[in-house]
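Observations on chain architecture
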Amino acid sequence: MTGQRYNGPIIDAHHHFWDLRLGKHGWLEGGDPADELAPLRQNHLVADYEAFAAPQKIVASVHVEANWDPADPAGESRWLDTLERSPGIAARYVAHAALLDPGAERLLEAHAANGRVVGIREILSWHPDPAKRRLPDNDRMDDPRWRANLARFREHGFSFDLLITPHQFESTRRLVADFPDIAFILNHCASPIDRDAEGMKRWRDGLGLLAAAPNVAIKISDPVAYDPQWTRESLGEVIDACIEAFGPERSMFATDHPVAGLHIGFAEWVDVFKDATRGFSADEQAALFEGSARRWYRLR
């Protein structure tokens, strides 16, 4: 154990850009100017991100799909390609594909034609409480048509970014076991969304269930989404549980900028993570902050 805070280079494994002038992000249009999402209803582009990232020694990053116009998911990557940025920033993309759509096979081929696209995300989050779910149904991971398109990830070398809730951990366990040659990366600490004792136990137990599969990794990102009145202790407990389950080699730091900024500052989150991981060895810290993301997202 070093007892030292990490001070090396960082890879941010999850962030977003958007330009509202393009009219491609319907979820950010309109709305009450005073509601919680109001700070997100502005452009978040390269210069904004680099102003936060550069002082933290972020040397590379992964751009994750930001709910771009579903009529043209590949258009997001084409737009990203036009953005001037420092080397390493948005060096890899996780693009969107709805695997039940009739055109999913052609879309995956279009994504594969872009060398920066290394993964796919389809948000699958379901919860018994309708107010906490992102999808109305909870059977996609078992649908043979959905699985047939997931199987095509093998020919394209794609990983799959999983945004789910603990109520889906058992179906996810079956999925990752049935596709052992596809890499799955859990988003946002695997969503510790139910904060009572029973809910947190369900989440912690589920981390161990999923971590038993060697083809699953976890991004420790945006825990404040489920803990807006956070303390360093409450965030530290989540960080510790993720790393305890997956180990440093399958856990990676990420910001979820700008969404996490609704509840925590960019530099503040980096500081919290550095404090929470100061007890790890230098090699383990390097894996958490850089090495795991570099390996799982195939960054040079």
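Residues numbered from 1 in each chain as written. Predicted model: local features only at pLDDT ≥ 70, side-chain atom pairs only at ≥ 80, totals over all residues. Heavy atoms only, no water.

**Here we look at unusual backbone geometry**
The amide bond that connects histidine 257 to the next residue, proline 258, takes the cis arrangement and shows omega of 5 degrees. Phi is positive for cysteine 189, which is not a glycine, with a value near 60 degrees. Checked against the element boundaries, cysteine 189 lands in the loop between strand 6 (184–186) and helix 7 (197–211). Judged by relative accessible area, cysteine 189 falls into the buried class, the value being 0%. Even without being a glycine, alanine 190 presents a positive backbone phi close to 60 degrees. (Helix = DSSP H or I, 4+ residues; strand = E, 2+ residues; numbered from the N terminus. Buried < 20%, exposed > 50% of the residue type's maximum accessible area, 1.4 Å probe, protein only.)

**A few points about a negative patch on the surface**
There is a patch of like negative charges on the surface, built from Glu233, Glu237, Asp240 and Glu244. Mapped onto the fold, glutamate 237 is located in helix 8 (residues 232–246). The partly exposed category is assigned to glutamate 237, whose relative accessible area is 46%. (Patch = residues over 30% accessible without salt bridge, like charges linked within 9 Å, V, L, I, M, F, W, Y side chains within 5 Å. Areas by Shrake-Rupley, 256 points an atom, 1.4 Å probe, with all protein chains shown as cover. Salt bridge = Lys/Arg side-chain N within 4 Å of Asp/Glu carboxyl O. Lys, Arg positive; Asp, Glu negative; His and termini not counted. Charge placed at Lys NZ, Arg CZ, Asp CG, Glu CD.)

**As for the sheet that holds strand 2 (residues 58–64)**
The eight strands are arranged 1-2-3-4-5-6-7-8 in an open sheet whose pairing can be described as parallel. Two strands lie at the open edges of the sheet, namely strand 1 (10–15) and strand 8 (251–253), each paired on one side alone. Going from strand to strand, the sheet's axes swing by 25 degrees on average, the running direction of each strand aside. Looking at chain direction, strand 2 and strand 3 (residues 92–96) are connected through three bridges and run parallel. Pairing of valine 62 across the sheet is with arginine 92, part of strand 3. The sheet contacts of helix 8 involve strand 6, strand 7 (216–220) and strand 8, and relative to strand 7 the element is tilted by about 160 degrees. (Pairing = 2+ DSSP bridges. Axes fitted to C-alpha atoms, helices over the stretch in contact; angles between N-to-C directions. Contact = heavy atoms within 4.5 Å.)

**Re the packing of aromatic side chains**
The description of two aromatic rings rests on the distance between their centres and on the angle between their planes. Applying the stated criterion to the full structure yields 15 aromatic pairs. With a centroid separation of 4.5 Å and an interplanar angle of 5 degrees, the aromatic rings of tyrosine 6 and phenylalanine 289 are classed as stacked. Here phenylalanine 289 lies in helix 10 (residues 282–296) and tyrosine 6 lies in the segment before strand 1, a separation of 283 residues in the sequence. Across the pair, exposure class does not vary: tyrosine 6 and phenylalanine 289 are buried alike. A ring pair is formed by tryptophan 269 and phenylalanine 273, whose centres lie 5.7 Å apart and whose planes are at 70 degrees; its orientation type is edge-to-face. With a gap of four residues between them, tryptophan 269 and phenylalanine 273 both fall in helix 9 (residues 266–276), about one helical turn apart. Neither tryptophan 269 nor phenylalanine 273 differs from the other in exposure class; each is buried. By way of ring pairs, the aromatic residues Tyr6, Phe253, Trp269, Phe273 and Phe289 are connected into one cluster. (Phe/Tyr/Trp six-rings, centres within 6.5 Å; stacked < 30°, edge-to-face > 60°.)

**A short note on the layout of surface pockets**
A volume near 780 Å³ is recorded for the largest pocket. Forming the boundary of the largest pocket are 30 residues, of which Arg134, Leu163, Asp222, Ala225 and Val259 lie nearest the centre. Taken together, the residues that form the lining of the largest pocket break down as 14 nonpolar, eight polar and eight charged. In this structure, the second largest pocket spans a volume of roughly 320 Å³. The wall of the second largest pocket is formed by 16 residues, among which Asn67, Pro70, His96, Ala98 and Glu122 lie closest to the centre. Considering only residue class, the lining of the second largest pocket consists of eight nonpolar, three polar and five charged. (1 Å grid on protein atoms, 1.4 Å probe; cavity = no way out; pocket = protein on both sides within 12 Å on 5 of 7 lines; lining within 4 Å. Points joined across faces, edges and corners; volume = space filled by probe spheres on them. Nonpolar A, V, L, I, M, F, W, Y, C, P; charged D, E, K, R; others polar.)

**Notes on the pattern of salt bridges**
All told, the structure shown has 28 salt bridges when counted by the stated rule. Residue aspartate 69 pairs with lysine 24 through a salt bridge whose shortest N-O separation is 4.0 Å. Of this pair, aspartate 69 sits in the loop between strand 2 and helix 2 (74–81) while lysine 24 sits in the loop between strand 1 and helix 1 (46–53), and the two are 45 residues apart along the sequence. Residue classification places lysine 24 among the partly exposed positions, given a relative accessible area of 25%. Between arginine 78 and aspartate 72 there is a salt bridge whose closest N-O contact spans 2.7 Å. Each of Arg5, Arg232, Asp271, Asp275 and Arg278 takes part in salt bridges that share partners, so that together they form one network.

**Focus on empty space enclosed by the protein**
Under the defined criterion, the tally for this structure stands at one cavity of 30 Å³ or more. The space that makes up the largest cavity amounts to roughly 30 Å³. The wall of the largest cavity is formed by His63, Glu65, Pro73, Glu76, Ser77, Leu80, Tyr93, Val94 and Ala95. Residue assignment for the lining of the largest cavity shows that the elements contributing at least two residues are helix 2 and strand 3.

**Some words on the state of the cysteines**
One pass over the structure, following the stated rule, counts zero disulfides. Sulfur of cysteine 189: no disulfide; nearest cysteine sulfur belongs to cysteine 242 and is 4.3 Å away. (Disulfide = S-S within 2.5 Å.)

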